[in-house]
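The residues making up each chain are set out below.
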Amino acid sequence: MGRIFSDENRFAQWLAVELAASEALAESGAGSEHVPSEAARALRQHAAFDVARIHEIERDVKHDVIAFTTAVAEKMAAVGQADASRWLHYGLTSNDVVDTAQALLIQQASSLIAGDLERLADVLERRAWEFKDTPMIGRTHGVHAEPITFGFKIANWYSETQRNIVRFEAASEDLRVGKFSGAVGTFAHLSPELEEKICARLGLKAAAVSSQVIQRDRHAYYLATLAVIASTLDKIATEIRHLQRTEVREAEEFFSERQKGSSAMPHKRNPVMSEQISGLARVVRSNAQAAFENVPLWHERDISHSSVERVIIPDSTTLVDYLLQKTTNLIDTMFVYPARMMANLESTRGLVFSGQLLLDLVEHGVSREDAYRMVQGHAMRAWKNDLDFRQLVLKDKNITTRVPAKQLEHAFDLKRQLRHIDQIFARVFKQSKGTPAAKRKTARKK
């Protein structure tokens, strides 16, 4: 990712755009939009640049594209092709080059991120199946609710990652556009047909309409999608941070034998990777806000967005690439403690089955209000005095005379609570060969 956003590669994409434009204009035939074929060939053969020289020129002219074209012209002159160099940048304005080349850079970055997303999905899928039948307590508001499995929790992350894959594909495709419509977007010097030909050479679509720039709603959508991806990773990391708390200790990020958690407390095993993921996700989200601010430019453009994008686009793509790899490693190597999960689930001694008992009482003729009062009374007593909720229920004749003993036993059956896990997994991990996930895996193998 660092190579993609290096000055060397950025100027290489500028040159690729310039050469595509020259060649398309050379093929256009006679007329005001025509570039001599021999000039286009000479540019393709000899056009080059030196990054240091571009920066040197820019310090004087205070314009990066002019510095670039001047540096290329110098290279052309040095090999006796000064006449051909006058056709470089013919009919173009700076942002025809800059915005179109930026689309190429973003496509390169997007290819890396798309691969990262697929690898994260693969790891999530594997670990979800690994712990599909590993019971744990589900929590709402941080408080014990009803039983789930750890695989079910990971399946939720997998499903969200699949949505992120779809979102990212759409956002990346939305930015696969170039423009050669000139200083205000009206094609004063080139034609829409030439724009389409140049873009096609570069693997891009022509924006249907543009001003001097490609409209920044596209970039805001892309940065917002990166922020959503980062938020998903933050969500996963935050959950693992909670599960690693000493009093919970149901899962834990990998901790090597020689690793140290604290300079003062040798016992510490801190979730530093998870905390880094959560922290850097905030940067990606804040960059998305800056992208939104770039949408309303003055008239046919101003330059207020340019300086912002030089920071937020490389930073956000680099961070999301990094965070996806970190999260994939986090999930792949994390320690999971099924025995602790079961111990925590059972720690309230049956309280988590109160909802099923409520329904069983209603089913046997008790009004919902009375049933709720009966069950909550025992639940609050068990909670306050650390008693066995199940035993309190079994001693209550108001309940045992209404609900048969076999059904009362069934109310506290963990398997009953988790009986639909297989069905949920079947919906999340569609196994037919025609699913998008299966097609992507087949493509990767090829």
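Each chain carries its own residue numbering, running from 1 in the written order of its sequence. For a predicted model such as this one, the threshold for reporting local features is a pLDDT of at least 70, and the threshold for listing and counting side-chain atom pairs is 80 or more; totals across whole chains, interfaces and linings nevertheless cover every residue. As a rule here, side-chain values cover all heavy atoms of the structure and leave hydrogens and water aside.

Tallying secondary structure elements over the protein chain gives 20 helices and six strands in all. Two things to know: the radius of gyration comes from C-alpha atoms, and the globule rule equals 2.2 Å times the number of residues to the power 0.38. Taken against the 2.2 N^0.38 rule, which gives 22 Å for 446 residues, the C-alpha radius of gyration of the protein chain at 31 Å runs more than 25% over that of a compact globule. Reported as C-alpha extents along the three principal axes, the dimensions of the protein chain are approximately 100 × 55 × 45 Å. For the protein chain, the residues scored as buried account for 48% of the 446 residues in total. Contacts are assigned to residue pairs with any non-hydrogen atoms lying within 4.5 Å of each other. Excluding contacts between residues fewer than 6 apart, the proportion of contacts in the protein chain whose partners are at least 24 apart in sequence is 75%. Calculation of accessible area relied on Shrake-Rupley with a 1.4 Å probe; when residues are assessed, cover is drawn exclusively from the protein chains displayed. As displayed, the protein chain offers around 22300 Å² of accessible surface, 53% of which is attributable to carbon and sulfur atoms. In the protein chain, which carries 60 positive and 57 negative side-chain charges, the distance between the mean positions of the two groups comes to 8 Å. Under the DSSP-based scheme used, a helix requires at least four consecutive residues in state H or I and a strand at least two consecutive residues in state E, with every element numbered from the N terminus. Remark: exposure states derive from per-residue accessible area (1.4 Å probe, protein chains only) relative to the maximum for the residue type, with buried under 20%, exposed over 50%, and partly exposed in between. We score Asp and Glu as negative and Lys and Arg as positive, and we do not count His or the chain ends. Charged groups are reduced to one reference atom each: NZ for lysine, CZ for arginine, CG for aspartic acid, CD for glutamic acid.

Okay, the nonpolar core next. For this analysis, a nonpolar core means a set of buried residues of the types Ala, Val, Leu, Ile, Met, Phe, Trp, Tyr and Cys, connected via side-chain atoms within 4.5 Å. Formed by 83 residues in total, the largest nonpolar core has its most connected members in Ile113, Phe150, Tyr222, Leu361 and Phe389. In this structure Phe389 touches Arg349, Gly350, Leu351, Ser354, Leu357, Val375, His378, Ala379, Ala382 and Phe412, once residues within four positions along its chain are discounted. Counting 39 residues, the second largest nonpolar core, distinct from the first, contains Leu25, Leu104, Phe180 and Ile198.

It is worth spelling out the packing of helix α9 (residues 217-243) against helix α11 (residues 304-333) at this point. To obtain each axis, a line is fitted to C-alpha atoms, and for helices this fit is confined to the stretch in contact; angles are then taken between N-to-C directions over 0 to 180 degrees. With their axes 10 Å apart at the nearest point, α9 and α11 run at an angle of 30° to one another. Considering their axes alone, α9 and α11 lie roughly parallel with respect to each other. At the point where α9 passes α11, the crossing takes the left-handed sense. Note on element contacts: α11 touches α9 through Glu309, Ile312, Ile313, Ser316, Thr317, Val320, Leu323, Leu324, Thr327, Leu330 and Ile331, opposite His219, Tyr222, Leu223, Leu226, Ile229, Leu233, Ile236, Ala237 and Ile240. Only Asp, Glu, Lys and Arg are considered charged, only Ala, Val, Leu, Ile, Met, Phe, Trp, Tyr, Cys and Pro nonpolar, and every remaining residue, Gly among them, polar. Counted by class, the contact of α9 with α11 contains 15 nonpolar, four polar and one charged residues. When describing relative orientation, an angle under 35 degrees is termed roughly parallel and one over 145 degrees roughly antiparallel, while 65 to 115 degrees is termed roughly perpendicular and anything else oblique. Here is the rule for handedness: rotate from the far helix to the near one, and if that takes an anticlockwise turn smaller than a right angle the crossing is left-handed, while a clockwise turn gives right-handed.

As a further point, take a nonpolar patch on the surface. Judged by side-chain polarity, Val143, Met380 and Trp383 come together as a nonpolar surface patch covering roughly 320 Å² of accessible area. Among the structural elements, Met380 can be located in helix α14 (residues 368-385). For Met380, a relative accessible area of 45% corresponds to the partly exposed category. Here the term patch refers to residues with relative accessible area over 30% and no salt bridge, with like charges joined within 9 Å and nonpolar side chains (Val, Leu, Ile, Met, Phe, Trp, Tyr) within 5 Å. Should a side-chain nitrogen of Lys or Arg be within 4 Å of a carboxyl oxygen of Asp or Glu, the pair is scored as a salt bridge.

Our focus in this paragraph is the packing of aromatic side chains. Stacked, tilted and edge-to-face are the three classes applied to pairs of Phe, Tyr and Trp rings, where Trp contributes its six-membered ring and a pair requires centres within 6.5 Å; stacked means planes under 30 degrees apart, edge-to-face means over 60, and tilted covers the rest. Across all of its chains, the model carries 15 aromatic pairs by this definition. Plain terms: the ring middles of Trp129 and Phe425 are 5.0 Å apart, the flat faces sit at 75° to each other, and that makes the pair edge-to-face. One end of the pair, Trp129, is in helix α6 (residues 94-130); the other, Phe425, is in helix α19 (residues 421-428), with 296 residues separating them in the sequence. Geometrically, a charge over a ring is one whose NZ (Lys) or CZ (Arg) sits within 6 Å of the ring centre while staying within 35 degrees of the ring normal. The aromatic ring of Tyr337 is capped on one face by Arg249, whose charged end is 5.9 Å from the ring centroid.

You will see that Lys62, though not glycine, has its phi angle at about 60°, which is positive. Within the fold, Lys62 resides in the loop between α3 (51-61) and α4 (64-78). Residue class for Lys62 comes out exposed when judged on its relative accessible area of 64%.

The next subject is the pairing of strand β1 (residues 135-140). Bridge count for β1 against strand β2 (residues 143-149) is five bridges, and the pairing is antiparallel. For Ile137, the partnering residue across the bridge sits in β2 and is Pro147. Between any two strands, pairing holds if DSSP finds at least two bridges. Hairpin connection, β1 to β2: the antiparallel pair is bridged by two residues, and His141 has positive phi, about 60°.

Moving on, we come to the layout of surface pockets. Its boundaries defined by the atoms lining it, the largest pocket holds a volume of some 570 Å³. Whether a set of points on the 1 Å grid over the protein atoms alone is a cavity depends on a 1.4 Å probe fitting there but being unable to get out, while an open set qualifies as a pocket with protein on both sides within 12 Å along at least five of seven lines; lining residues are those with an atom within 4 Å of a point. As for the largest pocket, its lining consists of 30 residues, of which Arg10, Asp64, Val98, Ser306 and Arg310 are closest to the centre. The set of elements that each furnish at least two residues to the lining of the largest pocket consists of α1 (7-26), α4, α6 and α11. Looking at the lining of the largest pocket, its residues break down into ten nonpolar, ten polar and ten charged. Grid points are joined across faces, edges and corners, and a volume is the space filled by probe spheres set on the points.

Let us now look at the side chain of Ser22. Here Ser22 shows up in helix α1. Dropping the residues within four chain positions of it, Ser22 is found in contact with Val35, Ala40, Leu43 and Trp87.

This part takes up the environment of Ser22. With relative accessibility at 4%, the residue Ser22 sits in the buried group. Put simply, Ser22 and His89 are 67 residues apart on the chain and 7.6 Å apart in space, counted from C-alpha to C-alpha.

A separate point is the pattern of salt bridges. Per the counting criterion, the structure on display carries 29 salt bridges. Put simply, Glu173 and Lys205 hold a salt bridge, and the shortest N to O gap is 3.2 Å. Residue Glu173 is found in helix α7 (residues 150-174), and its partner Lys205 is found in strand β4 (residues 205-206); the two are separated by 32 residues along the sequence. Overall, the relative accessible area of 33% leaves Lys205 in the partly exposed class. Linked through salt bridges whose partners overlap, the residues forming this network are Glu23, Glu27, Arg44 and Arg201.

Another point: the environment of Glu369. Note on placement: Glu369 falls in helix α14. Sequence separation of Glu369 and Leu358 is eleven residues, and the distance between their C-alpha atoms is 9.7 Å.

Next up on the list: the environment of Glu346. You can see Glu346 is positioned in helix α12 (residues 338-346). What makes Glu346 partly exposed here is its relative accessible area of 49%. Considering only alpha carbons, one finds Glu346 and Thr400, 54 residues apart in sequence, at a separation of 22 Å.

Moving on to the side chain of Asp64. Along the polypeptide, Asp64 turns up in helix α4. When its relative accessible area of 12% is taken as the criterion, Asp64 is described as buried. At 2.7 Å, the side chain of Asp64 forms a polar contact with the side chain of Arg310. Every residue in contact with Asp64, bar those within four places of it in the chain, is listed here: Arg10, Trp14, Ile54, Glu58 and Arg310. Nitrogen and oxygen atoms within 3.5 Å of one another constitute a polar contact, given that in protein one can donate a hydrogen and the other can accept it, and given that sequence-neighbouring residues count only through two side-chain atoms.

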